[in-house]
Amino acid sequence: MREPKPITRIEVTEGNKKLRIVLIVVLLVIGAVALTSGFMSLLGKDAGWKNVEVSNAEADYSKEILLQYNFSGTGAQTTALYKRISAVYSEAMGKAYQVFRSEAPEGNLADVNAHVNEAVTVDALLYSALETLQATRYHYMGPVYAYYDSVIYSTSDAYLEDVDPRLNQEAKAYVSQLAAFAADEAAVYLELLDNFQVKLHVSEEYLAFARENEITNFLDLHYMANAFIIDYLAQVLTENGYTHGFLASIDGYTRNLDSTQAYSMNLVDMAEGTVYPVGVMHYQGPASLVLLKAFPVSGADTFYRQSGDHIVFPYADPADGMYKASVASLLSYSYEEGCADVLLKMLPGFAADVFELPQGVYSLWCRDRTVYYNDSSITITQLLEKDGVRYTAQKQ
């Protein structure tokens, strides 16, 4: 039997949709305790670090990701080098946006969603990403992600009681139905064909449900998209020999490109409703880092909706569609794999009822005011000890 739709259709203004497109530089300037702010101490030591912007400064996609590059020692060649890096970066960013973000169907996700049950030729970049996701079901959760977007970017907290699945049983039933379709290979699955062609198979039952509930995107990378984008940008920059910098996104993905540079990362935790800066992690690049957390640390964290102590976020468990976090925050990283691979190893144990340590990557997480970690090559300093709150570190 089809589950009922939510009681209230949430109004989402264009302005609220734009909230998630916030300059990462703002995080650096205000010192928000977030993933990218971990580089503040590094940037402050050398005036040679500069933000490399895309040539089309009006493009929204350029404001989700930061490229910081170290121009120290380039002297009179700095301007020319900056222009070359910006040109390469701008072209790569434009392509990544077209493939992963654009709503115009041009061999991208929009094209696949617009032509269900048809073979579609897609860009090789998207084909590679879909290959990476093939063993998972997270990319089929598009309708679930869209639903949580409507909750997070709604115009009034008064709606939460009607549409938050943790507060409303009818909303919970609806999200559960969405997740059930997404988890069912008989309802939806992606076939990877030769010559960069794909075919999104959607059952008649799911199509009828989608029409009734105004669902248009069966396939969506949502919070995963920037992981693939940053990996692609890192690949292009490295192939062109531009490795003296790092990339970071507003939603928790970082790629350090320089093997000679030491980096530091601020660590955060939420305990008893309070966000704490619990310490600083020091490590050597290059590395791919992913931070997942169940709480915002500043107004720039727009993937969250907080009303009092209640926080809604988009990390949904494919088993039932409910947003979940088994620990308040999880930082995982690899010195060999990209952000997308790291993320996919984290999700099963993070967006879940019970925490499971990701396999094949290094991780840091907090529990009972202890920072746990499993990488012998890092150091953790400045552990919080203030106003009766004390954190310790323990290697696993």
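Just so you know, these numbers come straight off a predicted model, no measurement behind them.

Parameters and conventions
- Residues numbered from 1 in each chain as written.
- Predicted model: local features only at pLDDT ≥ 70, side-chain atom pairs only at ≥ 80, totals over all residues.
- Heavy atoms only, no water.
- Pairing = 2+ DSSP bridges.
- Helix = DSSP H or I, 4+ residues; strand = E, 2+ residues; numbered from the N terminus.
- Axes fitted to C-alpha atoms, helices over the stretch in contact; angles between N-to-C directions.
- Expected span 1.5 Å × (residues − 1).
- Buried < 20%, exposed > 50% of the residue type's maximum accessible area, 1.4 Å probe, protein only.
- Contact = heavy atoms within 4.5 Å.
- Phe/Tyr/Trp six-rings, centres within 6.5 Å; stacked < 30°, edge-to-face > 60°.
- Core = buried A, V, L, I, M, F, W, Y, C linked by side-chain atoms within 4.5 Å.
- Salt bridge = Lys/Arg side-chain N within 4 Å of Asp/Glu carboxyl O.
- 1 Å grid on protein atoms, 1.4 Å probe; cavity = no way out; pocket = protein on both sides within 12 Å on 5 of 7 lines; lining within 4 Å.
- Points joined across faces, edges and corners; volume = space filled by probe spheres on them.
- Nonpolar A, V, L, I, M, F, W, Y, C, P; charged D, E, K, R; others polar.
- Parallel < 35°, antiparallel > 145°, perpendicular 65-115°, else oblique.
- pLDDT = per-residue confidence, 0-100.

1. Here we look at the sheet that holds strand 6 (residues 245-249)
Across a sheet, strands are paired by hydrogen bonds formed along the backbone, either parallel or antiparallel in direction.
For step 1, the next point in the chain: One open sheet accounts for 9 strands, arranged 1-2-6-7-10-13-14-15-19; its pairing is mixed. One side of each edge strand has no neighbouring strand; the edge strands of this open sheet are strand 1 (49-52) and strand 19 (392-395). Each neighbouring strand pair of the sheet contributes to a mean axis angle of 20°, computed without reference to strand direction.
For step 2, the next point in the chain: Sheet analysis places strand 10 (residues 287-293) next to strand 13 (residues 329-334), joined by 6 bridges and oriented antiparallel. The residue bridging Leu 292 from the neighbouring strand is Leu 330, located in strand 13.

2. Quick look at the sheet that holds strand 8 (residues 262-271)
For step 1, the next point in the chain: Pairing is antiparallel across the open sheet formed by 3 strands, whose spatial order is 8-9-16. A strand with exactly one partner marks an edge of an open sheet, and here the two such strands are strand 8 and strand 16 (379-381). Here the strands of the sheet are splayed against their neighbours by 30° on average, with no regard to which way each runs.
For step 2, the next point in the chain: Of the pairings in the sheet, the one linking strand 8 to strand 9 (residues 274-284) comprises 10 bridges and is antiparallel in character.

3. A look at helix 4 (residues 78-100)
For step 1, the next point in the chain: Under the 1.5 Å per step criterion, the end-to-end length of helix 4 is 32 Å for 23 residues, consistent within 8% with the ideal 33 Å.
For step 2, the next point in the chain: Buried within helix 4 are the following residues: Thr 78, Leu 81, Ile 85, Ser 86, Val 88, Tyr 89, Ser 90, Ala 92, Met 93, Ala 96, Val 99 and Phe 100.
For step 3, the next point in the chain: Packing partners of the buried residues in helix 4 comprise strand 1, strand 2 (65-70), helix 5 (109-114), helix 6 (124-133), helix 11 (225-239) and strand 6.

4. Here's the deal with the packing of aromatic side chains
For step 1, the next point in the chain: One pass over the structure, following the stated rule, counts 25 aromatic pairs.
For step 2, the next point in the chain: With a centroid separation of 5.4 Å and an interplanar angle of 90°, the aromatic rings of Tyr 148 and Tyr 323 are classed as edge-to-face. Note that Tyr 148 is positioned in helix 7 (residues 142-152) and Tyr 323 in the loop between strand 12 (310-312) and strand 13, a separation of 175 residues in sequence. Tyr 323 matches Tyr 148 in its accessibility class, with the two residues each being buried.

5. Considering the nonpolar core
For step 1, the next point in the chain: Counting 103 residues, the largest nonpolar core has Leu 200 and Met 224 as its most contacted members.
For step 2, the next point in the chain: A per-element tally of this core places helix 11 first, with 10 residues.
For step 3, the next point in the chain: In this structure, Leu 200 is in contact with Val 112, Asn 113, Val 116, Asn 117, Glu 118, Tyr 140, Val 188, Tyr 189, Leu 190, Phe 218 and Leu 219, ignoring residues within four places of it in sequence.
For step 4, the next point in the chain: Of all hydrophobic cores here, the second largest spans 26 residues; its members include Trp 49, Tyr 263, Ile 380 and Leu 384.

6. Things to note about the pattern of salt bridges
For step 1, the next point in the chain: Tallied over the entire structure, the rule returns 9 salt bridges.
For step 2, the next point in the chain: Note that Lys 324 is salt-bridged to Asp 317, the shortest N-O span being 2.9 Å.
For step 3, the next point in the chain: One salt bridge connects Lys 345 with Glu 337, and the closest N-O pair in it is separated by 2.6 Å.
For step 4, the next point in the chain: The class for Lys 345 is partly exposed, based on a relative accessible area of 30%.
For step 5, the next point in the chain: Connected through salt bridges with shared partners, the residues Asp 317, Asp 320, Lys 324 and Asp 353 form a single ionic network.

7. A short note on empty space enclosed by the protein
For step 1, the next point in the chain: The tally for this structure, following the rule as stated, stands at 2 cavities of 30 Å³ or more.
For step 2, the next point in the chain: Taken as a whole, the second largest cavity spans an internal volume of roughly 100 Å³.
For step 3, the next point in the chain: Lining the second largest cavity are 13 residues, and of these Leu 267, Val 268, Leu 291, Ser 329 and Leu 331 sit closest to its centre.
For step 4, the next point in the chain: The element contributing the most residues to the lining of the second largest cavity is strand 8, with 4 residues.
For step 5, the next point in the chain: Its residues assigned to classes, the lining of the second largest cavity comprises 11 nonpolar, 2 polar and no charged.

8. Examining the packing of helix 11 against helix 12 (residues 339-350)
For step 1, the next point in the chain: Closest axis-to-axis distance for the helix 11/helix 12 pair is 7 Å, and the angle between their directions is 150°. Taken together, the axes of helix 11 and helix 12 are roughly antiparallel relative to one another. For the pair helix 11 and helix 12, contact is made by Ala 227, Phe 228, Ile 230 and Asp 231 and by Cys 339, Ala 340 and Leu 343, respectively.

9. Here we look at helix 11
For step 1, the next point in the chain: The end-to-end C-alpha separation of helix 11 is 21 Å, in line with the 21 Å expected for 15 residues at 1.5 Å each.
For step 2, the next point in the chain: Among the 15 residues that make up helix 11, 12 are buried, leaving the element largely enclosed by the rest of the structure.
For step 3, the next point in the chain: Those residues of helix 11 not exposed but buried are Ala 225, Asn 226, Ala 227, Phe 228, Ile 229, Ile 230, Asp 231, Tyr 232, Leu 233, Ala 234, Val 236 and Leu 237.
For step 4, the next point in the chain: Summarising the contacts, the buried residues of helix 11 are in contact with strand 2, helix 4, helix 6, strand 6, strand 7 (253-256) and helix 12.
For step 5, the next point in the chain: After helix 11 finishes, the residue Gly 241 shows a positive phi value of roughly 85°.

10. Considerations on unusual backbone geometry
For step 1, the next point in the chain: The omega angle of the peptide bond from Gly 285 to Pro 286 is 0°, so this bond is cis rather than trans.
For step 2, the next point in the chain: With respect to the helices and strands, Pro 286 occurs in the loop between strand 9 and strand 10.
For step 3, the next point in the chain: For Arg 369, which is not a glycine, the phi torsion comes out positive at approximately 60°.
For step 4, the next point in the chain: Here Arg 369 is to be found in the loop between strand 14 (362-367) and strand 15 (370-373).

11. Remarks on the confidence of the model for the protein
For step 1, the next point in the chain: When pLDDT is averaged along the protein, the result is 86, and 86% of the positions lie at 70 or above.
For step 2, the next point in the chain: Here residues 1-45 scores under 50 on pLDDT; set against residues more than four positions off or in separate chains, the count is 112 contacts.

12. Considerations on the pairing of strand 9
For step 1, the next point in the chain: Linkage of strand 8 to strand 9, two consecutive antiparallel strands, is achieved through a turn of 2 residues, within which Glu 272 is found at a positive phi near 55°.
For step 2, the next point in the chain: Here strand 9 pairs with strand 16 via 3 bridges, running antiparallel. When the sheet's bridge partners are listed, Met 281 is paired in strand 16 with Ile 380.

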